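# Descriptive structure summary
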Protein chains: 2
Amino acid sequence: MYKNEWLKGSLRTILLKLMSERPRMYGYEISRMVEKRSGSNIRITEGALYPALHRLESQGYLIAERVQIGKRARKYYSLTAKGQTEAQENIEQYFSHVRTMLLLLSDKQSATP
Amino acid sequence: MYKNEWLKGSLRTILLKLMSERPRMYGYEISRMVEKRSGSNIRITEGALYPALHRLESQGYLIAERVQIGKRARKYYSLTAKGQTEAQENIEQYFSHVRTMLLLLSDKQSATP
DNA sequence: AATTATACATAATATATCTATGTATTAAAA
DNA sequence: TTTTAATACATAGATATATTATGTATAATT
């Protein structure tokens, strides 16, 4: 069982959201940001983060830019236009899904006339 | 890409919730119920539903009872005591996760002093 | 008579996570 | 000053859970 069984699917949404807020971010920065802003409730493992970024890049939602910081390599990502559209849509759809889930999980008992 | 990329992990929560509301339910009934109560926004495929029920049963959260309806077999499930505890906890944790997600997805910009 | 709904089940496939491991530089602590 | 922690990327292998497709069968509706 996963520690966070609901992260699956949500990670992509989180990434799209963060990237839509800032012009450029690199992987490690994103992982710090998610941990901070989630109150340490969500921790993205590297084995999930980097493949996810690569996927988004290969699908044309992100573009990457390698930057050399001293002797260390950093990879900055930015949303493409396609990525911006996808971010908006995906976040909206996530909200919609959550509304549906809350409907299901809040319903004490469905009307049985 | 899955049609509903956020269902993964949530199906278990949905099942635990429905089963905690009613004393006995069978698979097909559950799938109808979810479709109805979600406004057709969530459709559980049979390939996901039955294995999920079998998992919950094998893990001791559900007990099954075969019932013959005329010539047709029906399999009623009920929550065990362990399942009731798990349902409560799991639903609570799901809410907690959603709160965290909304925090992340609503934040316009984290405070940068 | 043919189609749809009910009712279960599983195999093959897809894919997104996790854990573990690897490489390497830089900063902080012991 | 040696060791540890933090920064920064990446990937292989294991695991979990969903999808699609297929199968069997009865009952109800068109």
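Note: the structure precedes this text.
We now turn to the structure provided with this report. Source: prediction; values computed, not measured.

## Structural notes on the pattern of salt bridges
- According to the stated counting rule, one finds 14 salt bridges over all chains in the structure shown.
- Between Glu-21 of chain A and Arg-37 of chain A there is a salt bridge, with the nearest N and O atoms lying 2.8 Å from each other. Here the residue Glu-21 of chain A occupies a position in helix H1 (residues 10-21), and Arg-37 of chain A occupies one in helix H2 (residues 27-37), the gap between them amounting to 16 residues. Across the pair, exposure class does not vary: Glu-21 of chain A and Arg-37 of chain A are buried alike.
- Here Arg-32 of chain B ties to Glu-35 of chain B by a salt bridge, and the two come within 3.6 Å at their closest N and O atoms. With Arg-32 of chain B and Glu-35 of chain B both in helix H2 (residues 27-37) and three residues apart, the pair spans about one turn of that helix.
- Via salt bridges that share partners, Glu-5 of chain A together with Arg-12 and Glu-86 of chain B belong to a single interconnected network.

## Examining the protein's contact with DNA strand C
- The environment of DNA strand C is formed by 28 residues, the closest being Thr-45 and Arg-72 of chain A together with Tyr-28, Arg-72 and Arg-74 of chain B.
- Among the atoms of DNA strand C lying within 4 Å of the protein, the sugar-phosphate backbone contributes 68%.
- In the environment of DNA strand C, a base oxygen lies 2.3 Å from a nitrogen or oxygen atom belonging to the side chain of Arg-72 of chain A.
- In this structure, Tyr-50 of chain B approaches DNA strand C through a side-chain N or O atom, which is 3.3 Å from a phosphate oxygen.
- Going through the elements one at a time, helix H3 (46-58) of chain A together with H2, helix H3 (46-58) and strand S3 (72-79) of chain B are the ones with two or more residues in the surface near DNA strand C.
- With five residues, H3 of chain B is the largest single contributor of residues to the surface near DNA strand C.
- For the surface near DNA strand C, the per-class residue count stands at eleven nonpolar, six polar and eleven charged.

## Things to note about the nonpolar core
- Counting 56 residues, the largest nonpolar core has Ile-30 of chain A together with Ile-30 of chain B as its most contacted members.
- Beyond its immediate chain neighbours, meaning those up to four positions away, Ile-30 of chain B contacts Leu-15, Leu-18, Met-19, Met-25, Leu-49 and Leu-53 of chain B.

## Points about helix H4 (residues 81-106) of chain B
- For H4 of chain B, which comprises 26 residues, the first-to-last C-alpha distance of 38 Å matches the rise-based estimate of 38 Å (1.5 Å per residue) to within 8%.
- Taken together, the buried positions of H4 of chain B are Gly-83, Glu-86, Ala-87, Asn-90, Ile-91, Tyr-94, His-97, Val-98, Thr-100, Met-101, Leu-104 and Leu-105 of chain B.
- Check the buried side of H4 of chain B and you find it contacts H1, H2 and helix H4 (81-106) of chain A together with helix H1 (10-21) and S3 of chain B.

## Side note on the pairing of strand S3 (residues 72-79) of chain A
- Across two bridges, the pairing between strand S1 (residues 25-26) of chain A and S3 of chain A is antiparallel. Looking across to S3 of chain A, one finds that Tyr-26 of chain A is bridged to Tyr-76 of chain A.

Cut-off values and rules
- Along each chain, the written sequence defines residue order, and numbers are assigned to residues from 1.
- As they are written, the chains are lettered A onward and the ligands numbered 1 onward, keeping that order.
- Confidence filtering applies because this is a predicted model: local features only for residues at pLDDT of at least 70, side-chain atom pairs given and counted only at 80 or more, and all residues used for totals across whole chains, interfaces and linings.
- Only heavy atoms go into the side-chain values, all of them from the structure, while hydrogens and water stay out.
- Any carboxyl oxygen of Asp or Glu within 4 Å of a side-chain nitrogen of Lys or Arg constitutes a salt bridge here.
- The secondary structure listing takes helices from DSSP runs of H or I that are at least 4 residues long and strands from runs of E that are at least 2 residues long, numbered from the N terminus.
- Note on exposure labels: buried denotes an accessible area under 20% of the residue type's maximum, exposed denotes more than 50%, and partly exposed covers the range between, all computed with a 1.4 Å probe on protein chains only.
- Throughout, the term near means that a residue has one or more heavy atoms lying within 4 Å of the molecule or strand in question.
- Polar contact is defined as a pair of N or O atoms within 3.5 Å, subject to the rule that within protein one atom must be able to donate a hydrogen and the other to accept it, and that residues adjacent in sequence are counted only when both atoms are side-chain atoms.
- Note on residue categories: nonpolar means Ala, Val, Leu, Ile, Met, Phe, Trp, Tyr, Cys or Pro, charged means Asp, Glu, Lys or Arg, and polar means any other residue, Gly included.
- Only buried residues count toward a nonpolar core. Its members are Ala, Val, Leu, Ile, Met, Phe, Trp, Tyr and Cys residues joined through side-chain atoms within 4.5 Å.
- Here a residue-residue contact requires only that any non-hydrogen atoms of the pair lie within 4.5 Å.
- The span you would expect from a helix comes to 1.5 Å times its residue count less one.
- A pair of strands is labelled paired if DSSP reports no fewer than 2 bridges between them.

The values are spatial; any link to function lies outside them.
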